[in-house]
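Inside the fold
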Amino acid sequence: MLVGYSYIGLFLIIAVVFGVTTLILPSALKFLRIVPRKPNPVKSSTFECGMETIGRSWVQFNFRYYFYALMFVAFDVVVVFIYSWAVNLRNLGYSGLILILVFIFIIFIGYVYAWKRRVLEWK
């Protein structure tokens, strides 16, 4: 019975070792002078397309860009769930059909709510 949990423990150990290694390795290489470090003001300057910036360098983007990105990710997740449902449609039977209809109904209610609140309008 513990054999199944040993895989989880192994993956947990690998994840921790990988995380610690990726955090410590750059500092260790810098300390050992393996990574070259020659500071230069030109290297530290902001570089965009080879041109100096005109005006303010920091531009605040509209939050709707992020909202549309989140909506895109949410609908991608929906597509992944519907695809996996469609692959196993014959094995799931009518209970799978009812569950996916409930799932689509919940997504539809969320979409209608966002539409009514005028969140999806581009201003």
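Remember, predicted model here, so these are calculated numbers, not experimental data. (Residues numbered from 1 in each chain as written. Predicted model: local features only at pLDDT ≥ 70, side-chain atom pairs only at ≥ 80, totals over all residues. Heavy atoms only, no water.)

A closer look at the packing of helix α3 (residues 63–87) against helix α4 (residues 89–116)
Put simply, α3 and α4 touch, their axes get as near as 9 Å, and they point 165° apart. When the axes of α3 and α4 are compared, the pair comes out roughly antiparallel. Considering only the axes of α3 and α4, their crossing is left-handed. Two secondary-structure elements touch here, α3 through F75, V78, F81, I82, W85, A86 and V87 and α4 through L89, L92, G96, L97, I100, F103, I104, I107 and Y111. (Axes fitted to C-alpha atoms, helices over the stretch in contact; angles between N-to-C directions. Helix = DSSP H or I, 4+ residues; strand = E, 2+ residues; numbered from the N terminus. Parallel < 35°, antiparallel > 145°, perpendicular 65-115°, else oblique. Left-handed = near helix turned anticlockwise from the far one by under 90°. Contact = heavy atoms within 4.5 Å.)

With respect to unusual backbone geometry
Although it is not a glycine, R33 adopts a positive phi angle of roughly 60°. With respect to the helices and strands, R33 occurs in the loop between α1 (2–31) and α2 (41–44). By relative accessible area, which is 75% here, R33 ends up exposed. (Buried < 20%, exposed > 50% of the residue type's maximum accessible area, 1.4 Å probe, protein only.)

So, α3
The first and last C-alpha atoms of α3 sit 37 Å apart over 25 residues, in line with the 36 Å expected at 1.5 Å per residue. Buried residues of α3: R64, M71, V78 and W85, and no others. In the core, the buried residues of α3 are packed alongside α4. (Expected span 1.5 Å × (residues − 1).)

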